Amino acid sequence: MTGVVVEGGRVTGVNTLHGPIAADVVVVAAGMWSNPLLAPHDAWLPYAAMGALRITTEPLGVPGTMPMLLVPDVAHAWLREQDGGLLWGGAYAGRHRFTCLDAEPPERLRELPLDGLWETQRIGVQLATAIPLLARYADFTYAEGYPCYTPDLLPVIGEVGGIEGLYALGG
């Protein structure tokens, strides 16, 4: 979706890269891209996109019954089993975490800084002192995203004021 089409105070569809799609009801739930989609209609959702990154190791023989571990003393870290390997993440500061706070979101996530990856790897090194298996991985993949947070940590959902049939969901 590249835009919301509104005529006479009512939503009539969306524009996409492949042409318009007619619709009587549109729900904008595009995460950090929601506000740019709503901006032409003088609408705005009160949330901030904060970078998050997680690492998954290759299979290490971790049983699927392993519970998720929360380690608040190490960067509010968490760790769990994923496909026989370990998956972890935690809180970190830096350009990756905060790059979308005062800027338009990029078209693609791969355009963002990678310091969050290095910070998440450092969290893994700290966790390995208590979880030795974590020190044995040789390969990993990572995933990143920009979850949106409202000041009260509650979701925003409802009709976009002044536009019949246009709804927003976020936070």
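All of the points below concern the structure found in this document. In this numbering scheme, every chain counts its residues from 1 along its sequence in written order. For a predicted model such as this one, the threshold for reporting local features is a pLDDT of at least 70, and the threshold for listing and counting side-chain atom pairs is 80 or more; totals across whole chains, interfaces and linings nevertheless cover every residue. For the side-chain quantities, the full set of heavy atoms in the structure was used; hydrogens and water were omitted.

**Here's the deal with the packing of aromatic side chains**
Quick reminder of the rule: Two rings from Phe, Tyr or Trp (for Trp, the six-membered ring) form a pair when their centres are within 6.5 Å of each other. A pair whose planes differ by under 30 degrees is stacked, one over 60 is edge-to-face, and the rest are tilted. Working definition: with a 1.4 Å probe on protein chains only, accessible area under 20% of the residue-type maximum means buried, over 50% means exposed, and in between means partly exposed.
Applying the stated criterion across every chain yields a total of 2 aromatic pairs. With a centroid separation of 6.2 Å and 85° between ring planes, the pair formed by Tyr-137 and Phe-140 is classed as edge-to-face. For Tyr-137, a relative accessible area of 23% corresponds to the partly exposed category. Of the residues examined, Phe-140 reaches a relative accessible area of 26% and is grouped as partly exposed.

**Notes on the sheet that holds strand E12 (residues 156-159)**
Selection rule: In short, DSSP must find at least two bridges between two strands for them to pair. For the purposes of this entry, the term helix denotes a DSSP run of H or I that reaches at least four residues, the term strand denotes a run of E that reaches at least two, and both are numbered from the N terminus. Note on definitions: angles span 0 to 180 degrees between N-to-C directions of axes, and those axes are lines fitted to C-alpha atoms, for helices only across the stretch in contact.
On the basis of which strands lie adjacent, the open sheet formed by 3 strands has the order E4-E13-E12 and mixed pairing. Of all the strands in the sheet, the pair left with one neighbour each is strand E4 (26-28) and E12. On average, each strand axis in the sheet is tilted by 15° relative to the strand beside it, whichever way the strands run.

**Let's talk about the nonpolar core**
Short version of the rule: Residue types Ala, Val, Leu, Ile, Met, Phe, Trp, Tyr and Cys, when buried and joined through side-chain atoms within 4.5 Å, form a set referred to as a nonpolar core. A contact between two residues is defined here by any heavy atoms of the two lying within 4.5 Å.
Formed by 20 residues in total, the largest nonpolar core has its most connected members in Val-28, Leu-38, Val-160 and Leu-166. Mapped onto this core, the elements with two or more residues apiece are strand E2 (10-16), E4, helix H1 (34-38) and strand E13 (166-170). Apart from residues lying up to four places away in sequence, Val-160 is in contact with Leu-38, Ala-43, Leu-166, Tyr-167 and Ala-168. Val-74, Leu-79, Leu-86 and Ala-128 belong to the second-largest nonpolar core, a separate cluster that totals 16 residues.

**As for helix H3 (residues 115-128)**
Here is the rule: Multiplying one less than the number of residues by 1.5 Å gives the expected span of a helix.
Helix length check: H3, at 14 residues, gives a terminal C-alpha distance of 20 Å against a target of 20 Å (1.5 Å per residue), a fit within 8%. For H3, every residue scored as buried is listed here: Asp-115, Gly-116, Leu-117, Thr-120, Ile-123, Gly-124, Leu-127 and Ala-128. Considering only its buried residues, H3 is in contact with strand E6 (52-57), strand E7 (69-71), strand E8 (77-82), strand E9 (85-89), helix H2 (95-98) and strand E10 (140-145).

**Overview of the sheet that holds E8**
Through backbone hydrogen bonds, the strands of a sheet pair up, either in parallel or in antiparallel fashion. If you trace the 5 strands from one edge of the open sheet to the other, you get E7-E8-E9-E6-E10, paired in antiparallel fashion. Edge positions in the open sheet fall to E7 and E10, since each of these has one partner strand only. Averaged over all pairs of adjacent strands, the angle between their axes in this sheet comes to 20°, without regard to strand direction. Alignment of E6 against E9, held across 3 bridges, turns out to be antiparallel. Each bridged residue has a counterpart across the sheet, and for Ile-55 the counterpart in E9 is Trp-88.

**A closer look at the pairing of E9**
Of all 5 residues that make up E9, 5 are buried, and the element is covered over most of its length. Burial along E9 is two-sided: the face carrying Gly-85, Leu-87 and Gly-89 and the face carrying Leu-86 and Trp-88 are both buried. Inspection of the sheet shows E8 paired to E9 by 5 bridges, in the antiparallel sense. Looking across to E9, one finds that Arg-80 is bridged to Leu-87. Following E8, the chain reverses through 2 residues before pairing antiparallel with E9; Asp-83 in that reversal takes a positive phi of roughly 50°.

**What to know about a nonpolar patch on the surface**
Note the following rule: Patches in this entry comprise residues that are over 30% relatively accessible and not in a salt bridge; like charges within 9 Å are linked, as are nonpolar side chains (Val, Leu, Ile, Met, Phe, Trp, Tyr) within 5 Å. Computed with a 1.4 Å probe, the accessible areas rest on the Shrake-Rupley method; for each residue, only the protein chains presented here act as cover. Here a salt bridge means any side-chain nitrogen of Lys or Arg lying within 4 Å of a carboxyl oxygen belonging to Asp or Glu.
A cluster of nonpolar side chains, Val-25, Val-27, Ile-157, Tyr-167 and Leu-169, forms an exposed patch at the surface whose accessible area comes to about 470 Å². As for its position among the elements, Val-27 is in strand E4.

**Section: the pattern of salt bridges**
The full count for this structure, using the stated rule, is 2 salt bridges. Across the salt bridge formed by Glu-164 and Arg-10, the nearest N and O atoms sit 3.8 Å from each other. Within this pair, whereas Glu-164 is found in the loop between E12 and E13, its partner Arg-10 is found in strand E2, the two being separated by 154 residues in sequence. Judged by its relative accessible area of 47%, Glu-164 is partly exposed. On the accessibility criterion, Arg-10 (29% relative accessible area) is partly exposed. Ionic pairing is found between Glu-119 and Arg-122, a salt bridge with its closest N-O pair at 2.8 Å. Of this pair, Glu-119 and Arg-122 both sit in helix H3, separated by 3 residues, roughly a single helical turn.

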